[in-house]
Amino acid sequence: MDSTRTLLLCLALLASCSAPAPQTMGPSSTEASSTKASSTEASSTKASSTEASSTEASSTEASSTKASSPRAGRLRATLTPHKRELVVGEPVHLTYTLFNDSEAHVQFVEGGNQRNRLGRFDDYAVRVLRSDGSALEVISSEPNFGGISFSPTIAGGQSFVHELFLPLWVAMPGVGTYTVRSERTFITRLAAQERWHGETGEKTTLVAEAQITIIAANNKALGEVIAGLGRAMFKKESASRTQAWQSMGAIADPRVIPHYRRAMESMQYEMVSSALNALATFDDDSALATIAMATKLDGSKLVGEFARPELAETLASNLRVHAAQTLSASPHSGAMPLLLKMAKDANPGVRLTVLHALASKRPTDAKRQITAFTRDGSKMVRDEATRYLAEF
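Parameters and conventions
Residue positions within a chain follow its written sequence, with the count starting from 1. Local features in a predicted model are, by the rule used here, given only for residues with pLDDT of at least 70; side-chain atom pairs are given and counted only at 80 or more, and totals for whole chains, interfaces and linings are based on all residues. Note that the side-chain values use all heavy atoms of the structure and ignore hydrogens as well as water. Residues belong to a common nonpolar core when they are buried Ala, Val, Leu, Ile, Met, Phe, Trp, Tyr or Cys residues joined through side-chain atoms within 4.5 Å. Buried means the residue's accessible area, taken with a 1.4 Å probe over protein chains only, is under 20% of the maximum for its type, while exposed means over 50%, and partly exposed covers the values in between. Any two residues having at least one pair of non-hydrogen atoms within 4.5 Å are treated as being in contact. Each Phe, Tyr or Trp ring (for Trp, its six-membered ring) is paired with any other whose centre lies within 6.5 Å, and the angle between the two planes then decides the class: stacked below 30 degrees, edge-to-face above 60, tilted in between. Helix and strand definitions here come from DSSP, where helices need a minimum of 4 consecutive H or I residues and strands a minimum of 2 consecutive E residues; each element is numbered from the N-terminal end. Criterion for a charge above a ring: Lys NZ or Arg CZ within 6 Å of the ring centre, and within 35 degrees of the ring normal. The pairing criterion is simple: DSSP has to find at least two bridges between the two strands.

Peer 1: Run through the nonpolar core, naming residues and quoting values.
Peer 2: If you look at the biggest cluster of nonpolar residues, it comprises 56 residues, and the most contacted ones within it are Val-256, Tyr-260, Leu-327, Leu-339 and Leu-355. Apart from residues lying up to four places away in sequence, Leu-355 is in contact with Ile-370, Phe-373, Val-381, Glu-384, Ala-385 and Tyr-388.

In structure tokens form, the structure reads like this:
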């Protein structure tokens, strides 16, 4: 009896101890958090138990606000632009660094609000101020559906890094000197083993600022920026490649188009998809010709990690849908005729995109072409065509 009772007590003690909770990472999106900056805005912790190390920006740190707490440690934040002087039309990334100046391991909540139209982490609350103190209008990210949150740990004396892309917050301004400010309230606690998503904890508000200067438009200088980004877009190192793609996508200059054509010619799924995203806004013959390359894709043409036989056809089909959507959004006068050539595509998603474009743009003979879709092999397409005809 004694030995049995001892065994039961041991089992009860073991059951009361909780194992370390697994780290939950945010989804891949325009602005996401991860150990290494592998998506639009990425976050990482240096020398912590839950996150891998990250390299700090080499430029001088900007101003920061410190906050101390006997329970949550001493925290401070800095904001460092990747470039301090820009030409008009050039986008910029900034590195937000959260330092733990205490000896304690501090845990905080990251994410939970990045599932929005822009994929940005809204709790960083970026504002851009003119020299007279007035603020630029902030781009709305609505609708916001929350998002996955996680709880990184910053070891004593170490830091956490999150990359911010300024065009996600404001339209890049004209000539002048500007203050970029991020005010964020962190929910923090001393690090523990159990799972935690900020249900309890201390609130710590930090303000970090940095200055950027934008000089007059310079065709040669912007061309050099585009060329540099074009080289970085095809690097193997994921963080710089992701930031280059993001920056290139924010530049409305036709000199970016040859770089997207190179991406299209690579026939790698992610590059083709990213190129299609970027080309939708260009009213340019070369942009239209590049989009056309994706309208007849089949699985045999894809290369790279997604070119496995069991995936290739599905992914090629998805890219044709993407190409159709890009043509539908394109301002080029030749986009609609090219889209109509996809009306008999094997993927009903492509045909549905053609149908939607016919109904919204109402080109000549739209009613006859919509009527043809009432005989489509897909019930979804037939039903939509019938609904549209009732609106004529």
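Peer 1: So what's going on with the packing of aromatic side chains? Which residues, and what values?
Peer 2: By the definition in use, this model includes 5 aromatic pairs. Relative to Phe-160, the ring of Phe-108 has its centre 4.8 Å away and its plane inclined at 85°; by these criteria the two rings are edge-to-face. Of this pair, Phe-108 sits in strand S6 (residues 106–108) while Phe-160 sits in strand S11 (residues 159–165); the two residues are 52 residues apart in sequence, bridging distant segments of the chain. Taken individually, Phe-108 and Phe-160 each receive the classification buried, so the pair is uniform in this respect. Between the aromatic rings of Phe-108 and Phe-186, the centroid separation amounts to 5.6 Å while the plane-to-plane angle is 85°, which identifies the pairing as edge-to-face. One end of the pair, Phe-108, is in strand S6; the other, Phe-186, is in strand S12 (residues 176–190), with 78 residues separating them in the sequence. A network of ring pairs unites the aromatic residues Tyr-96, Phe-108, Tyr-124, Phe-160 and Phe-186 as a single cluster. If you follow Arg-184 out to its NZ or CZ, it ends over the ring of Tyr-124, 4.7 Å from the centre. The ring of Phe-234 carries Arg-262 above its face, with NZ or CZ at 3.7 Å from the centroid.

Peer 1: Run through the pairing of strand S13 (residues 202–215), naming residues and quoting values.
Peer 2: Remark: a regular strand shows side chains that alternate across the two faces of the sheet. Only one face of S13 is buried: it carries Glu-202, Thr-204, Leu-206, Ala-208, Ala-210, Ile-212 and Ile-214, and the other face, with Lys-203, Thr-205, Val-207, Glu-209, Gln-211, Thr-213 and Ile-215, is open. Here strand S4 (residues 85–87) runs beside S13; their pairing, made up of 3 bridges, is parallel. Bridging across to S13, Leu-86 finds its partner in Ile-214. Sheet topology note: the S12/S13 ladder contains 13 bridges and is antiparallel. Bridged to Thr-179 within S13 is Gln-211.

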